[in-house]
Amino acid sequence: MKIKNYFFSVFLMLSSMTMLNAQNMVHTGKVVDQDSNPLPGVNVIVKGTSNGTQTDFDGNYSIDVAKGQILIFTYLGQRTEEITVGPSLVINVKMEEDAQALNEVVVVGLGQVKDPSKLAYSVSKVDTDQVLKANEADLINGLAGKSAGIQINNSSGLAGSSARIVIRGVSSLNFGNEPLYVIDGVPISNSENDFDATDPDQALFYGSTSGGSIDIAPEQIKDITILKGAAASAIYGSRAANGVIVIQTKKGIKNSAPQVSVRTATTMSSIIAPEFQTEYAQGRDGEYFSGEPGRQTSLNWGPKISELNVPTYDRFEIFRTGITYDNSVSVRGGSDKSSYFASFSAYNQNGTLETSSFDRYSFLFNTTHNISEKFKLNAKLNYVNSFNERPFEGNGQGSIMWTVAGAPITYNLRPSVDEDGNQRLYRTNRNNPYYILENSGSEYITNRFLPSLSLEYNVNDWISVKGTAGLDFSLNNGKVFENKGLLGTFSTGRLLLADRKSRDFNGELIVTLDKDFSEKFTADYLLGANVFDTKDFTSFSQGSSFIIPSFYDLSNATALLTDEITTERRIVSFFGQANFGFNDFLFLTLTGRNDKSSTLPKKDNSFFYYSSSVGFDVAKAFDLRNWLDRAMLRGSYSRVGNDAPAYATTTNFIKANPSDGQRGNIDFPFRGVGSYVQSAVEGNPLLTPEFTNEFEIGADLQFFKNRLGLEVSYYDRRSEDQIFNVPQDATTGFNAKFENAGSIQNKGIEATLNITPIQTKDFRWDVNVNYSKNESEVLELAEGVESVRLAGFTNPGIFIRKGEPYGVIWTTLYKRNESGDLLLDDNGFPIQGDVGNAGSVLPKWTGGATTSFEYKGLALSVVMDMRVGGKIFNLDENYNTFYGTSILTANREKDVVIKGVRESDGQPNTVAIKKDFTYWNQYAQLEEFVQKTDFIKLRNVTLAYNMPKKSLQKLGIGLSGARFGFSGRNLWIKKHDSFTGADPELSLYGSGNGQGLTNFQIPTNKSYSLTLNLTF
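Note that the structure is predicted; figures quoted are calculated from it, not measured.

Novice: Is there a simple way to explain the overall build of the chain in this structure?
Specialist: Helix and strand content of the chain: 12 helices and 55 strands. Taken over C-alpha atoms, the radius of gyration comes to 33 Å for the chain, in line with the 31 Å a tight globule of 1016 residues would show. Projected onto the principal axes, the alpha-carbon positions of the chain cover approximately 140 × 65 × 65 Å. A buried classification covers 53% of the 1016 residues belonging to the chain. A separation threshold of at least 6 residues defines the contact pool for the chain, and within that pool the share at least 24 residues apart is 67%. For the chain, the computed accessible surface area is about 44400 Å², with 55% contributed by carbon and sulfur atoms. Computed over 97 positive and 112 negative side-chain charges, the separation of the two mean positions in the chain equals 6 Å.

This is the structure:
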């Protein structure tokens, strides 16, 4: 009996212990990251149940869980941790970064870090490593082919040239269309360094200059996100009407010893030269001219060179191999409370011309410091010093390429002067290119400061307050000089000095609330206020008519002219955003913003706009994730406002500048007399804001554990109440007036396909393909206004016209019948028609493809992009066919039957002609030089090798990483047969709206780079 009672007691005791183990107990713990920093907001869930919680601000949590159950810890950008509950009631967890998850994280509006799978709107993240591989001075050029919906044009092959990026087409008829650049939460300026802001056609006659984005050193960038749709960018306000490029610079690491990284790259560049005819000599009517005094001519319609006993010369001998050195060193680390990142980079580019160079020195310091458990400070200082030396391009007489392109190969351009020191010319009214290099050019010095400071206070685990103040302050000094003796407008010499001070202040206060309704209903809110204040001051001093040649000093000038321009603008804004989620598959984002702008009429200068977006993940909602990882369907509607240009509401007075009928040449004060006249542009005190309305739908699909992804978007964007200079009847006393008088529509589709065909332990193959198609139409212009000129001349020119895409080429056409057939005379020559639309400058669609292969430490990547449709006016060929140097004149003795019908009887033409001097100068119309800009480019090929860590350790010098890379850029260009230049992407007007014109720019470059990255 006692034995039975004993066993019974043991049984009861064991049963009690089993029941105790099966009971839930309160477990606590702390979750930290790999640097031992607390992680707030970590999801802690009991596997197989709905029981869960989140860590607080200090990373602490508590949860009821039984022994033997599994806790799952998940956090954005960290590897998921699963821990089986043991006997201990304290479970601390240290999470590690997940490289793949970090690649998924995107930085969106106002610096918010989001998981793209939970966004109700679409954004595009760019691989910064691919941008760095491009080895471009301007990061914009490095974005080419990387994302759908963006179009990039480079202005020139000169060192430090500007580039233009447009997102989803043009939204403003006559003002800026480039996106807003935001670096570490602070907007910055991207304006060009024009040396004469009073000359709207500076680019046409002198070429464009560098833009503000060239001051961003690519090696200091951590992340780049492109906000293309208005739903994503509306929170940034009116300055973001054309999209946003969000850039995050590199930061430090807490609890880390100093880590030093060194990068050095050497690039060698050569021009991609256009083709010219090389068979015929200088002369006219088949007679040879030597180009020496008494035998000078601009024409190359002489005899065949093979019939002469004369030497030939390389017209491109003036170019050299350009060399670029790109070096940077950075250090990062931190303590338990602070982190720091410091970087210095030196970019030194010697261009393909002797007087073409760009030097940039950039210093960046980022630091964070936890003042207390709830108080955090972030500070940044970015200083950039740059120097850009560039010769003239374009349609002016100082353009080097004009003479190079027109030069006969039977004439030696060297030396540039004769024995008496006078300029040697093969023609009487065009400068020697070597003489131009030695006696003219421009120089730009920029000192730019980009400091910012932010303080963040966490009230509790769901409320935080952040204040940010940022400054973009730049000092630009421009110098343009033309020596006495140069042919052109300033043949007696000119020196122009431009000093510009630009200051943009951005102050922002944001309150963030992250409080969920329940486990299924999530919500976070953002409320804020912003002040943007900008001031731009520019002074010009021009001296002309030198006393002493080659002495570039204002004291050497006999005629002086000065001018000043001051522009101020302020916007005060209040905004809010709410993000809602249901059960991790349904998402809603709402934003609203109100701006009050100083550029609008005082009584009506406040305007409100908004956006709404919804996302629904079908894969999560219907539990399809065994084969479909994500199936996010998105839809949004947005309305974004934009204010007026500064001082557009008032009519101002300007310094008198009477015209001689071509270009202004009488500047006041004149002979001691000053004069001001009323501006020819009338202000409008009734202006209202511009508004852009956009509707967008899309889908983001991910299959097979993200091995296959497809993202597609369709958008319809309409910009209304456009403000632009509406031409006026001269009897009004004005030639233009600011009015709300236009609207433009852009609609299109974007698609991105990501594939990982092969993924093993040692080998990975990734493919990214993107496609975008944008259709643009100018819906309305002002009553009585048929067109507005953007660039070029009256004929040819680039114009805005109602019912046409934005930017059409307006020029003299060939005469055609109703069927579109070319009409010819009885001698087989085409007939001149009317002046009209020769085609749109916009492409029908663009695309890009990136493929990369990784095998152990070896990596190969290839980037290609293409453009289909769109036209350009090749002004080079307009002149070169007259001179006889154009490749189009090579077959001048060949019989050609032009396809068309005779105007006299409507019968097909059968009469052969020769495309000789008579044809090109009497019968060829300007339409002949409208060419297609279709191209496929091999943008970049990079082969890199990462040395194994074991090999580095054997070296015993403290190396923790070493990477060697070799890359080539612009290695191959397949252009349309109609385009006779070297690169159809070049655009004379730089970042301006007047695209579709090429005219004697320095050819684009092909380059090869060798790169070394070391980490200690």
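Continuing now.
Novice: Just checking my understanding: could you explain the nonpolar core for this structure?
Specialist: It is characteristic of soluble globular proteins that their nonpolar side chains tend to be buried jointly. Membership of the largest hydrophobic core comes to 74 residues, with the highest contact counts inside it found for L173, I318, F319, L353, I800, F873 and Y919. Ranked by residue count, the leading element in this core is helix α7 (residues 400–406), at 5 residues. Each residue touching F319, except ones within four places of it in the same chain, is listed here: I271, T352, L353, M401, I1002 and P1003. A163, I183, I221 and I247 belong to the second-largest nonpolar core, a separate cluster that totals 21 residues.

Novice: Is there a simple way to explain the packing of aromatic side chains in this structure?
Specialist: For any pair of aromatic rings, geometry is given as the distance between the ring centres together with the angle between the planes. The full count for this structure, using the stated rule, is 34 aromatic pairs. Relative to F316, the ring of F276 has its centre 5.9 Å away and its plane inclined at 45°; by these criteria the two rings are tilted. Within this pair, whereas F276 is found in the loop between β17 (256–271) and β18 (283–284), its partner F316 is found in the loop between β19 (287–288) and β20 (322–334), the two being separated by 40 residues in sequence. Overall, F276 belongs to the buried group, its relative accessible area being 11%. Relative to F1000, the ring of W402 lies with its centre 5.1 Å away and its plane at 25°, an arrangement referred to as stacked. Note that W402 is positioned in helix α7 and F1000 in the loop between β54 (997–998) and β55 (1005–1015), a separation of 598 residues in sequence. For the pair formed by W402 and F1000, the shared burial category is buried. Ring-pair connections join several aromatic residues into one group, and the members of that group are F521, F582, F585, F616 and F622. Across from the ring centre of F276, 4.4 Å away, lies the NZ or CZ of R315, which sits over that ring. A cation sits over an aromatic face here: R430 above W402, 3.7 Å from the ring centre.

Novice: So what exactly am I meant to see when it comes to the sheet that holds β54 here?
Specialist: Strand pairs in the sheet, formed through backbone hydrogen bonds, run parallel or antiparallel to each other. Taken in spatial order, the 3 strands of this open sheet run β51-β47-β54, and their pairing is mixed. The sheet is open, and its two borders are formed by β51 (930–932) and β54, each paired with just one other strand. Sheet analysis places strand β47 (residues 871–874) next to β51, joined by 3 bridges and oriented antiparallel. Of the residues in β51, the one forming a bridge with K871 is K932. Packing of helix α10 (residues 875–883) onto the sheet brings it into contact with β47, β51 and β54, and relative to β47 it is tilted by some 35°.

Novice: Just to check I follow, could you spell out the pairing of β17 for this structure?
Specialist: Here is the key point about a regular strand: its side chains alternate between the two faces of the sheet. When β17 meets β20, the two strands line up antiparallel, connected through 12 bridges. The partner of T264 across the bridge, within β20, is N327.

Novice: What should I look at first to understand the environment of R717 in this one?
Specialist: Tracing the sequence through the fold places R717 in strand β37 (residues 708–727). Note: C-alpha distance between R717 and V65 (652 residues apart in sequence) is 53 Å. Within the local environment of R717, its side chain forms a polar contact with the side chain of E694, the two groups lying 2.8 Å apart.

Novice: Help me understand the side chain of K146, please; the structure alone is not making it clear to me.
Specialist: Mapped onto the elements of the fold, K146 is located in the loop between α4 (139–142) and β11 (150–154). Buried within the structure, K146 lacks any salt-bridge partner; D865 is the closest side chain of opposite charge, at an N-O distance of 8.2 Å. Residue contacts for K146: discarding those within four places in its chain leaves V126, Q130, N770 and V863.

Novice: What's the story with the sheet that holds strand β41 (residues 797–801) in this structure? I'm lost.
Specialist: Taken in spatial order, the 4 strands make up an open sheet running β40-β41-β42-β44, and their pairing is antiparallel. One side of each edge strand has no neighbouring strand; the edge strands of this open sheet are β40 (787–792) and β44 (832–840). Taking the axes of each pair of neighbouring strands and ignoring which way they run, one obtains an average angle of 40° across the sheet. Across 5 bridges, the pairing between β40 and β41 is antiparallel. If you follow S787 over to β41, its bridge partner there is R801.

Novice: What exactly am I supposed to notice about the pairing of strand β16 (residues 244–249) here?
Specialist: Taking burial as the measure, the 6 residues of β16 include 6 buried ones, the bulk of the element. Bridge analysis of strand β13 (residues 180–183) against β16 gives 4 bridges, and the strand direction is parallel. Across the sheet, V182 pairs through a bridge with V246, a residue of β16.

Novice: Sorry if this is basic, but what is going on with the environment of P293 here?
Specialist: Mapped onto the fold, P293 is located in the loop between β19 and β20. Using a relative accessible area of 70% as the deciding quantity, one classes P293 as exposed. As a C-alpha pair, P293 and V404 span 111 residues in sequence and 19 Å in three-dimensional space.

Novice: In this structure, what is going on with a nonpolar patch on the surface? I would like to understand it.
Specialist: A grouping of F608, Y610, Y637, F695, I697, Y714, I749 and Y771 is seen on the molecular surface, where their side chains present a nonpolar patch of about 690 Å² in accessible area. Elements supplying a minimum of two residues to the nonpolar patch: β31 (606–617) and β36 (690–703). Among the structural elements, F695 can be located in strand β36. We classify F695 as partly exposed; its relative accessible area is 38%.

Novice: Honestly, α10 in this entry has me stumped. Any pointers?
Specialist: Side chains that are three or four residues apart share a direction in an α-helix, a result of its 3.6 residues per turn. Within α10, 7 of the 9 residues are buried, which leaves it mostly tucked inside the rest of the structure. Within α10, burial applies to L875, D876, E877, Y879, N880, T881 and Y883. Looking at the buried positions of α10, the neighbouring elements they touch are α7, β47, α11 (917–923), β51 and β54. Measuring from the side-chain oxygen of the N-cap residue of α10 to the backbone nitrogen of D876 gives 3.2 Å; that N-cap residue is N874. Just beyond α10, the residue with positive phi is G884, at close to 90°.

Novice: What am I meant to see in the pattern of salt bridges here?
Specialist: A complete count under the given rule lists 42 salt bridges for this structure. Its salt-bridge partner being D700, residue R630 comes within 2.7 Å of it at the nearest N-O pair. A residue pair is termed long-range when its members are at least 10 positions apart, and R630 in strand β32 (residues 628–642) and D700 in strand β36 qualify at 70 residues. A salt bridge links D895 to K914, with the shortest nitrogen-to-oxygen separation between them at 2.8 Å. On the criterion of sequence distance, the pair formed by D895 in strand β48 (residues 895–896) and K914 in strand β50 (residues 913–914) is long-range, its members being 19 residues apart. K914 gets classed as partly exposed once you look at its relative accessible area, which sits at 35%.

Novice: I keep staring at the side chain of R168 and nothing clicks. Help me out?
Specialist: Summarising the element assignment, R168 is placed in the loop between β12 (163–167) and β13. Side-chain polar atoms of R168 contact the side chain of E750, separated by 2.9 Å. Other than its neighbours up to four places away in sequence, R168 contacts G149, K228, G229, E694, E696, S713, Y715, R717, N746, E750 and N774.

Novice: Mind showing me how you'd approach the environment of Q577 here?
Specialist: By secondary structure assignment, the location of Q577 is in strand β29 (residues 557–582). Take Q577: its relative accessible area is 6%, and that puts it in the buried class. Residues Q577 and E292, 285 residues apart in the sequence, show an inter-C-alpha distance of 73 Å. Those residues within four positions of Q577 in sequence are excluded, and the remaining contacts are Q112, I235, D524, Y525, L526, T589, L590 and T591.

Novice: Would you take a moment to explain the confidence of the model for the chain for this structure?
Specialist: Atomic detail in the predicted coordinates should be set aside for any region of low pLDDT. Chain-level pLDDT for the chain is 89 on average; 95% of the residues reach the 70-or-more range. Confidence, read as mean pLDDT per element, is least for helix α1 (residues 2–22) in the chain (41) and greatest for β51 (97).

Novice: Got a minute to help me understand unusual backbone geometry in this structure?
Specialist: Peptide bonds are trans in most cases, and residues, glycine excluded, mostly fall at negative phi. Cis geometry marks the peptide bond from R414 to P415; its omega dihedral reads -5°. Summarising the element assignment, P415 is placed in the loop between α7 and α8 (433–439). For the bond running from N795 to P796, omega is 0°, close enough to zero to count as cis. The residue P796 is located in the loop between β40 and β41 in this model. Although it is not a glycine, Y647 adopts a positive phi angle of roughly 65°. One can find Y647 in the loop between β32 and β33 (653–655). You will see that K705, though not glycine, has its phi angle at about 55°, which is positive. You can see K705 is positioned in the loop between β36 and β37. For K705, a relative accessible area of 72% gives the class exposed.

What counts, and at which threshold
- Residues numbered from 1 in each chain as written.
- Predicted model: local features only at pLDDT ≥ 70, side-chain atom pairs only at ≥ 80, totals over all residues.
- Heavy atoms only, no water.
- Helix = DSSP H or I, 4+ residues; strand = E, 2+ residues; numbered from the N terminus.
- Rg over C-alpha atoms; globule rule 2.2 N^0.38 Å.
- Buried < 20%, exposed > 50% of the residue type's maximum accessible area, 1.4 Å probe, protein only.
- Contact = heavy atoms within 4.5 Å.
- Areas by Shrake-Rupley, 256 points an atom, 1.4 Å probe, with all protein chains shown as cover.
- Lys, Arg positive; Asp, Glu negative; His and termini not counted.
- Charge placed at Lys NZ, Arg CZ, Asp CG, Glu CD.
- Core = buried A, V, L, I, M, F, W, Y, C linked by side-chain atoms within 4.5 Å.
- Phe/Tyr/Trp six-rings, centres within 6.5 Å; stacked < 30°, edge-to-face > 60°.
- Lys NZ or Arg CZ within 6 Å of the ring centre and 35° of its normal.
- Pairing = 2+ DSSP bridges.
- Axes fitted to C-alpha atoms, helices over the stretch in contact; angles between N-to-C directions.
- Polar contact = N/O pair within 3.5 Å; in protein donor to acceptor, adjacent residues only side chain to side chain.
- Salt bridge = Lys/Arg side-chain N within 4 Å of Asp/Glu carboxyl O.
- Patch = residues over 30% accessible without salt bridge, like charges linked within 9 Å, V, L, I, M, F, W, Y side chains within 5 Å.
- pLDDT = per-residue confidence, 0-100.

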